[in-house]
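The residues making up each chain are set out below.
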Amino acid sequence: MSTPRKSPKRPAVRTASAPAGRAVDRPADDEIWPRVTREVADDLAVDALARDRAGKAPFDEVARLQEAGLPALLTAPGPSRRGADWRAACAVVREISAADSSVGELLAHHYALSWSSRFFGPAHGAPATGSTDPSAETGGTDGTDGARRPGAAHRRPLALDVCTAEERWLLAGGVEPPRATTDPGLTLTPAEGSGGGWILDGRRAFASGVTVADRLVVGARPGGTGDLLVVLVDPAHPGVFTDAGTDRVGQRLAGAGTVTFDHVPVPPGHVLGVLPHDEHAVAPFTTLAPLALRLLLTQVGLGIAEGALAEARDISRADQAGPAPAGGAGGPATGDGTVPVGSGDDPYLLLAYGELATAAHAAAAVVERATDALARGLHAEWSLTPEERADLSVLVAAAETVTGRAAVHITTRILELVDGTAGADSRGGGPGFDRFWRNARALTAPARADHRLRDIGDHYLNGTHARLTLLA
């Protein structure tokens, strides 16, 4: 089976490729991003149900994101370039997910992977990993490498976040090693010839984006053992084969699938960094990579809950404003025969919405606290301490657990609240509330809530630090 052919992408509005040595054009004011995000979310919400039912590869959805410039939002600041920070990226993922959580998950994985060269590249004062890419020379393209990464006299890995913006790439893949000890994962063997590099082989399943990605970021071990190398791969190579995941219950448009790599060459310049096999040799900043992804996916879950709640509220309001019952029951009618909104409200319905709104507010408060803390940790970069990383992991785990439970509870309860309500049935043009429940279930199912809670309790009671692990 061959890799799916990509559909032509729409021209970018704010991320057109820049000439060599010139920064890509970016908005001078980050205040533009909330407006752009709202416009994209409104556009996605219009046909979200129809696209979910069709279950096609999300080429059109990616084109909409690229047209708005959202994949290039999380770019390193530098001369002539303003990059939005992680708080802005999280806000974008949350709002997009309220309209279409599959697209939100696509964007979440893309943002986390775009920082791979930062997370896994050499730390301050350490030698570089032998990149031979000309763009990785001293002085780099982002204007900040000399300050945040060491070895100014050495060649360095590709600045992936900058290349992603300039080349308008959508990234997919996964760096974490396989959970099963019997799964060898992806392997690298040294390439023959004077050019160096590696040959990538193996098969991996990925949760998002692989059917539409422009580049894949994956982790593989030389010879199947030892340190994990993080590499960049072009999915258009003849040795890359993608099988789309078509039997998903939820998140149907996230572009999940299984990728087979058959003797795929990896140039030295496409080795983004290294994850040491020895857990004690891993820098705390490097281990923020899985926390960043988990928090972004938590934003997706929060978006699902908020999107479902807002849709249900609109349906209930419309139902209250419907034609008055015969005989005027239910309160005084206006001249056009409708009952004013708010008259004759069902106290049990109000109680239910109060409960669900409170659950959403509580989840949002926990998520926002974790978002602020992670943003500070990412800003600290290589000066982050193990103690600070441990505190961050607890906040992210708490946000993940609270939001996961809230998303499932809210989407389940809403199915009961709107059952039989006029306009709620998807067959009659309604929003199809089952998709919110399916998406919440599919997103939260892989998370290990019991393990998260155990780690939180161990940290709270005993002051124990969670392991410095890359497993998300």
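Residues numbered from 1 in each chain as written. Predicted model: local features only at pLDDT ≥ 70, side-chain atom pairs only at ≥ 80, totals over all residues. Heavy atoms only, no water.

## Comments concerning the confidence of the model for the chain
Looking at the chain as a whole, its pLDDT mean stands at 79, while 74% of the residues score no less than 70. Of all secondary-structure elements in the chain, the lowest mean pLDDT belongs to helix H7 (residues 145-148), at 34, while helix H5 (residues 101-114) reaches the highest, 96. Segment residues 1-29: pLDDT under 50, and 79 contacts once partners within four positions in sequence are set aside and those in other chains are kept. Throughout residues 326-331 the model reports pLDDT below 50, and contacts reaching past four residues in sequence, or to other chains, amount to 3 contacts. (pLDDT = per-residue confidence, 0-100. Helix = DSSP H or I, 4+ residues; strand = E, 2+ residues; numbered from the N terminus. Contact = heavy atoms within 4.5 Å.)

## Concerning the packing of helix H10 (residues 347-380) against helix H11 (residues 386-417)
Look at H10 against H11: their axes get within 9 Å of each other, and the N-to-C directions meet at 155°. It follows from the interaxial angle that H10 and H11 lie roughly antiparallel. The hand of the H10/H11 crossing is left-handed. (Axes fitted to C-alpha atoms, helices over the stretch in contact; angles between N-to-C directions. Parallel < 35°, antiparallel > 145°, perpendicular 65-115°, else oblique. Left-handed = near helix turned anticlockwise from the far one by under 90°.)

## Thoughts on the packing of H11 against helix H12 (residues 434-444)
At their nearest, the axes of H11 and H12 sit 9 Å apart, and the two run at 155° to each other. Classified by the angle between their axes, H11 and H12 sit roughly antiparallel to one another. You can see that H11 and H12 cross each other, and the crossing is left-handed. Together, Gly404, Ala407, Val408, Thr411, Thr412 and Leu415 of H11 and Asp434, Phe436, Trp437, Ala440, Arg441 and Thr444 of H12 make up the contact between the two elements. By residue class, the composition of the contact of H11 with H12 is 6 nonpolar, 4 polar and 2 charged. (Nonpolar A, V, L, I, M, F, W, Y, C, P; charged D, E, K, R; others polar.)

## Points about helix H3 (residues 59-68)
Across the 10 residues of H3, 8 count as buried, placing the element largely inside the fold. In this structure, the buried side of H3 is in contact with helix H1 (32-46), helix H2 (48-54) and H5. Looking one or two residues past H3, Gly69 carries a phi angle of roughly 85°, positive in sign. (Buried < 20%, exposed > 50% of the residue type's maximum accessible area, 1.4 Å probe, protein only.)

## What to know about helix H8 (residues 160-167)
By the criterion of burial, H8 is predominantly enclosed, with 7 of the 8 residues buried. Here the buried face of H8 lies against H5, helix H6 (116-120), strand S1 (171-174), strand S4 (215-222), strand S5 (228-233) and strand S8 (271-275).

## Describing the packing of aromatic side chains
Any two aromatic rings considered together are summarised by their centre-to-centre distance and by the angle between their planes. Applying the stated criterion across every chain, the model contains 6 aromatic pairs. With a centroid separation of 6.4 Å and an interplanar angle of 65°, the aromatic rings of Phe119 and Phe120 are classed as edge-to-face. Note on accessibility: Phe119 and Phe120 belong to one class, buried. The ring of Trp115 carries Arg118 above its face, with NZ or CZ at 4.3 Å from the centroid. Stacked on the ring of Phe436, the Lys or Arg Arg435 has its end atom at 4.3 Å from the ring centre. (Phe/Tyr/Trp six-rings, centres within 6.5 Å; stacked < 30°, edge-to-face > 60°. Lys NZ or Arg CZ within 6 Å of the ring centre and 35° of its normal.)

## A look at the pairing of S5
Summarising burial for S5: 6 of the 6 residues are buried, a large majority. Here S5 shows no split at all, with Leu228, Val230 and Leu232 on one side and Leu229, Val231 and Val233 on the other all buried. When S4 meets S5, the two strands line up antiparallel, connected through 5 bridges. Among the inter-strand pairings, Gly219 is bridged to a residue of S5, identified as Val230. Pairing between S5 and S8: 4 bridges, direction antiparallel. If you follow Leu229 over to S8, its bridge partner there is Val274. (Pairing = 2+ DSSP bridges.)

## Notes on unusual backbone geometry
At Gln251, a residue that is not glycine, the phi angle is positive and equals roughly 50°. By the secondary structure assignment, Gln251 is in the loop between strand S6 (240-244) and strand S7 (257-266). On the accessibility criterion, Gln251 (1% relative accessible area) is buried. With a phi angle near 50°, Glu381 is a residue other than glycine that sits in the positive phi range. Within the fold, Glu381 resides in the loop between H10 and H11. Residue class for Glu381 comes out buried when judged on its relative accessible area of 15%.

## Side note on the pairing of S7
The pairing of strand S3 (residues 198-206) with S7 spans 8 bridges and is antiparallel. The residue of S7 that forms the bridge with Gly202 is Phe261. Strand direction decides the pairing type here: S6 and S7, joined by 5 bridges, are antiparallel. Bridging across to S7, Thr242 finds its partner in Val259.

## Brief notes about the environment of Pro268
In this fold, Pro268 is placed in the loop between S7 and S8. With relative accessibility at 18%, the residue Pro268 sits in the buried group. Sequence separation of Pro268 and Val231 is 37 residues, and the distance between their C-alpha atoms is 9.1 Å.

## Observations concerning the pattern of salt bridges
The final tally for this structure, using the stated rule, is 25 salt bridges. With a closest N to O distance of 3.7 Å, Asp243 and Arg203 form a salt bridge. Of the two residues, Asp243 sits in strand S6 while Arg203 sits in strand S3, which places them 40 residues apart along the sequence. The class of Arg203 is partly exposed, set by a relative accessible area of 47%. In this structure, Glu400 engages Arg452 in a salt bridge whose closest nitrogen and oxygen atoms are separated by 2.7 Å. Taken together, the positions of Glu400 in helix H11 and Arg452 in helix H13 (residues 449-462) put the pair 52 residues apart, joining distant regions of the chain. Each member of the pair, Glu400 as well as Arg452, carries the same accessibility label: buried. Among the charged side chains, a salt-bridge network with shared partners connects Asp43, Asp47, Arg51, Asp60, Glu61, Arg64 and Asp100. (Salt bridge = Lys/Arg side-chain N within 4 Å of Asp/Glu carboxyl O.)

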